[in-house]
Amino acid sequence: MLDNTPGPSAIPDAVPLVSVLMGVYNAASTLARTLDSILTQEGVTLEFIVVDDGSTDGSGEILDRAAARDPRLVVLHQANAGLTISLQRAADRARGKYLARQDAGGDRSLPGRLAAQARCLEQRPDATFVTCGHRYLDEQDVLICDEIRDEKNIEAGLSTLRYPGIRGIMHASAMFRAAAFRSVGGYRSEFKVAQDIDLWLRLHELGTCAAVPEILYDYRFDLGGISRRNYAQQMAFAELAVRCAISRRAGQAEPPLQPRDQIVGIRMKSEREQAAEYHYFVACCLRRRDPGRARKHYWRAWRAHPRYWKALLGTVLAW
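This write-up is about the structure you can find in this document.

The rules behind these values
- Residues numbered from 1 in each chain as written.
- Predicted model: local features only at pLDDT ≥ 70, side-chain atom pairs only at ≥ 80, totals over all residues.
- Heavy atoms only, no water.
- Core = buried A, V, L, I, M, F, W, Y, C linked by side-chain atoms within 4.5 Å.
- Buried < 20%, exposed > 50% of the residue type's maximum accessible area, 1.4 Å probe, protein only.
- Contact = heavy atoms within 4.5 Å.
- Salt bridge = Lys/Arg side-chain N within 4 Å of Asp/Glu carboxyl O.
- Helix = DSSP H or I, 4+ residues; strand = E, 2+ residues; numbered from the N terminus.

### So, unusual backbone geometry
Item 1. A positive phi angle is found at asparagine 26, which is not glycine, with a value near 55°.
Item 2. Positive phi is not limited to glycine here, since leucine 161 has a value of about 60°.

In structure tokens:
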């Protein structure tokens, strides 16, 4: 049941309604605000299970101190193994009826997020997971853009296996039924990245994806984010997830899953290319709302990689 009492619940022995899962690797500078965004959530009983994935910047110590102050925070330490294994370890420890994701790196769940998503799942027995709207913020916490997901578009993407709909579900802002998660086998370790897309496709075979039409999550879109660093890998493993789904739907065996650390035939982009693409994306988002900031990002994209012709063209058109 949803907890209608005011303020965050802090009953450590009660079985929580929501278990929040997070992996942390070297996020000390922004960790406090991320923790606070979950531990101040109201309207649900919760536990926050955080796996320190071999951090070397003091993140583990910050987590331990926070856990000593709030018994709802459970901290697990391990040698560096990557996000997928960290999240599965957290899920194995979780007791909640619903599992919610949260990312470190400066991301924040906005007030009411967990209660709104839990309420949606309580009211929608057909849904195995739920997403919500989110805001993209730059490294200075300045708004880049916001997005409210359309449930019909998401469902269409999941049904037709088209990327725009599938990728429209932000991993960090999703909540899913623990029973459904465990029924489909949870996170699969072979998916070093794109573990979310693989999970969404399997969860969708048990039910629909709902969407809360509110902005409930702040996503820190910075140059060092995992999605930018590993974009080529993300796409390769996303394509593998789709091939697996096609095989399952046809009643056939899935294609062999690659070992999680094996990257075959994938050219990793240089730091200059990544920087150019980051600034170009930000510029395109800002082009109409804030042309001045957009021009600066187009210019930075071109300076980072002069052969990135789209950035140069954007710079010219922005003037």
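### Comments concerning the nonpolar core
Item 1. With 50 residues, the main nonpolar core has Val18, Leu35, Phe48, Leu114 and Met175 as its most contacted residues.
Item 2. What leucine 35 contacts, discounting residues up to four positions off in sequence, is Met22, Phe48, Val50, Leu63, Ala66 and Leu73.
Item 3. Core analysis: the second largest hydrophobic core is formed by 39 residues, Ala90, Ala194, Val242 and Cys244 among them.

### Let's talk about the pattern of salt bridges
Item 1. Here the structure, examined in full by the defined rule, presents 19 salt bridges.
Item 2. The shortest N-O distance in the salt bridge between aspartate 141 and arginine 33 comes to 2.6 Å. Of this pair, aspartate 141 sits in the loop between strand S6 (127-137) and strand S7 (143-147) while arginine 33 sits in helix H1 (residues 31-39), placing them 108 residues apart in sequence.
Item 3. We classify aspartate 141 as partly exposed; its relative accessible area is 30%.
Item 4. For arginine 95, the salt bridge goes to glutamate 47, with nearest N and O atoms at 3.2 Å. Of this pair, arginine 95 sits in the loop between helix H3 (83-93) and strand S4 (98-101) while glutamate 47 is found in strand S2 (residues 46-53), placing the two residues 48 residues apart along the sequence.

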